[in-house]
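Here's the letter readout for the chains.
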Amino acid sequence: MDHNKKVVTRFAPSPTGFLHIGGVRTALFAYLFARKNNGTFILRIEDTDKNREVEGSIEHIKKSLTWLGIDWDFGPNNPGEFVSCLQSDRLTIYKKYAEKLVAKGLAYPDPYTEEETAKFREQAEAEGRPFLFRNHRPETIEEWDGTRPLRFRVPEIKRYEWNDAVRGKLTAGEEMLDDFIILKSDGYPTYNFAHIIDDLEMGVTHVMRGEEFISSTPRFLSLYDALEIERPILVTLPPIMGPDGKKKLSKRDGAKDLLDFEKDGYLPEAMRNFLALIGWNPGTDQEIFPDKELENAFSLEKIQRSGGAFNEEKLCWMNKKYLELKDDAFKANYFEDSLPESIKSLPQYSTERLTKLAPTVFERIHNKVEIVAAAEAGEYSYAFSIPSYDTELLKWKNDDSVASALPRLEKAMTFLEQADFGSEETIKNALWDYAEVVGRGEVLWPLRAALSGLKQSPNPFSLAFILGKEETLSRIKTACDKISA
Ligand code: GLU
């Protein structure tokens, strides 16, 4: 491979369902590598197995990649010079190459029925040897009229040795070579054949994919040889492991649809950053790579051989880091989006309160799921409805009786009546000196309880700021009345 060629990578999913984490990580690495090198990134849809196709998958794949910020230079809607980036539209191209192989005597129509092939297989098994089609090559080769599957005739049975950009030197014995089907009787190519033709036609320089393709690589190599094409650089990405790093990622651990993470409130930039660090590292301690930093830092050399763990806790941490970088308007929107109807239908629900509450929420939460849980546990209700609570809640732990809180609340009210409610800071300034003299807990505890009706909540200055002057005074008044009653 000429290393000075413009880098071309591709992501080549089959449209057989949603895009899971493993697939997305492959797409991301191929994308980052292309962008880092000012190269080209292609989205190619490998839709040659019509039986396995799931309707809507292509749209879903495009939506997922777009969400993650992965854009393609050529793809299903913008194939450019490539006729189409959907394999099902490229059948004449595969046929042309198949005919080349037929002309060279390197492909032949498979003459056997399924039953005959099954018998060969049984025989081999009974004799304890591996079943290989190449041991049953027909003596006379019929002309290929397109109605029989076309088999590649491996030109040279030999041991293959190749270099993988991540795994280094790999080898495989002759037993890994066989005459495999390149075109099926319905005219569709197999993956083994189609991807090689497409990679060639699209000028792909680096083939990045998972380790499950290593065992088939000798077949690919024999086909490159037969077609006399230059091998692309093969880059095997490490598997994604579950959180314990021992077993491969299972559905339960997070091998779910990428767009489910969107629903759960993960930011695309956090997800991208998180995925990039599964099986790749920058070689430094840096963990957060905003904007273009990820593609600038990315390199093949730092892709690991061994599996990388998918650790949802780390994803949460990273999401929080990226949420912290957002402005207040974004946070308010995100918060509102996450809130369940039970909160939105509360009598005092307003955008103003919501916007003021949002920043305090982001001190703790990592995603939308946590917001929903907190909302359902009643953590935000105080902001949008008058809390009901037991009068005893107003009692500071050092006081003998709740009555001690009454004069302090009344005094606090007089300060707050005069206070500027423009920020938490101005509210705090209005109360602080008094609280310092009388005792912080003595003043702030009953005040906080009066405003939130909760044992645990943000501090009373935040609460007062969220509620506004009128509502703050009204709730303190209610608390005083409860104590006096
Ligand atoms: N269509 C293959 C898959 O979805 C692509 C493998 C490759 O990248 O060559 O697994």
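For the structure itself, consult the block above.
In this report, the structure presented in the accompanying data block is examined. None of the values given here were measured: they were computed from a predicted structure.

### A short note on the environment of T355
- The topology assignment puts T355 in helix 13 (residues 351-361).
- You can call T355 partly exposed: its relative accessible area is 33%.
- As for T355 and D328, which are separated by 27 residues in sequence, their C-alpha atoms are 7.5 Å apart.
- A polar contact of 2.6 Å, which involves the side chain of T355, links it to the backbone oxygen of T351.

### Things to note about the nonpolar core
- One finds M271, I303, F335 and Y380 to be the most contacted residues of the largest nonpolar core, which totals 107 residues.
- Sorting elements by how many residues they give to this core places helix 18 (residues 460-484) first, with 11 residues.
- Among all residues touching I303, those that are not within four sequence positions of it are F29, V166, M208, V235, L237, P238, G279, W280 and F298.
- A98, W144, A172 and V207 belong to the second-largest nonpolar core, a separate cluster that totals 40 residues.

### Topic: the layout of surface pockets
- Of the volumes computed, that of the largest pocket is approximately 1,000 Å³.
- Taken together, 38 residues form the lining of the largest pocket, with H20, G22, G23, E212 and F213 sitting closest to its centre.
- Elements supplying a minimum of two residues to the lining of the largest pocket: strand 1 (8-11), helix 1 (21-36) and strand 8 (206-210).
- At four residues, helix 1 tops the list of elements feeding residues into the lining of the largest pocket.

### Describing the packing of aromatic side chains
- For the coordinates displayed, the defined rule picks out 20 aromatic pairs.
- Plain terms: the ring middles of F74 and F82 are 5.0 Å apart, the flat faces sit at 70° to each other, and that makes the pair edge-to-face.
- For F74, a relative accessible area of 18% gives the class buried.
- Taking the relative accessible area as the measure of exposure, F82 reaches 9% and is therefore buried.

Procedures and definitions
Residues numbered from 1 in each chain as written. Predicted model: local features only at pLDDT ≥ 70, side-chain atom pairs only at ≥ 80, totals over all residues. Heavy atoms only, no water. Helix = DSSP H or I, 4+ residues; strand = E, 2+ residues; numbered from the N terminus. Buried < 20%, exposed > 50% of the residue type's maximum accessible area, 1.4 Å probe, protein only. Polar contact = N/O pair within 3.5 Å; in protein donor to acceptor, adjacent residues only side chain to side chain. Core = buried A, V, L, I, M, F, W, Y, C linked by side-chain atoms within 4.5 Å. Contact = heavy atoms within 4.5 Å. 1 Å grid on protein atoms, 1.4 Å probe; cavity = no way out; pocket = protein on both sides within 12 Å on 5 of 7 lines; lining within 4 Å. Points joined across faces, edges and corners; volume = space filled by probe spheres on them. Phe/Tyr/Trp six-rings, centres within 6.5 Å; stacked < 30°, edge-to-face > 60°.

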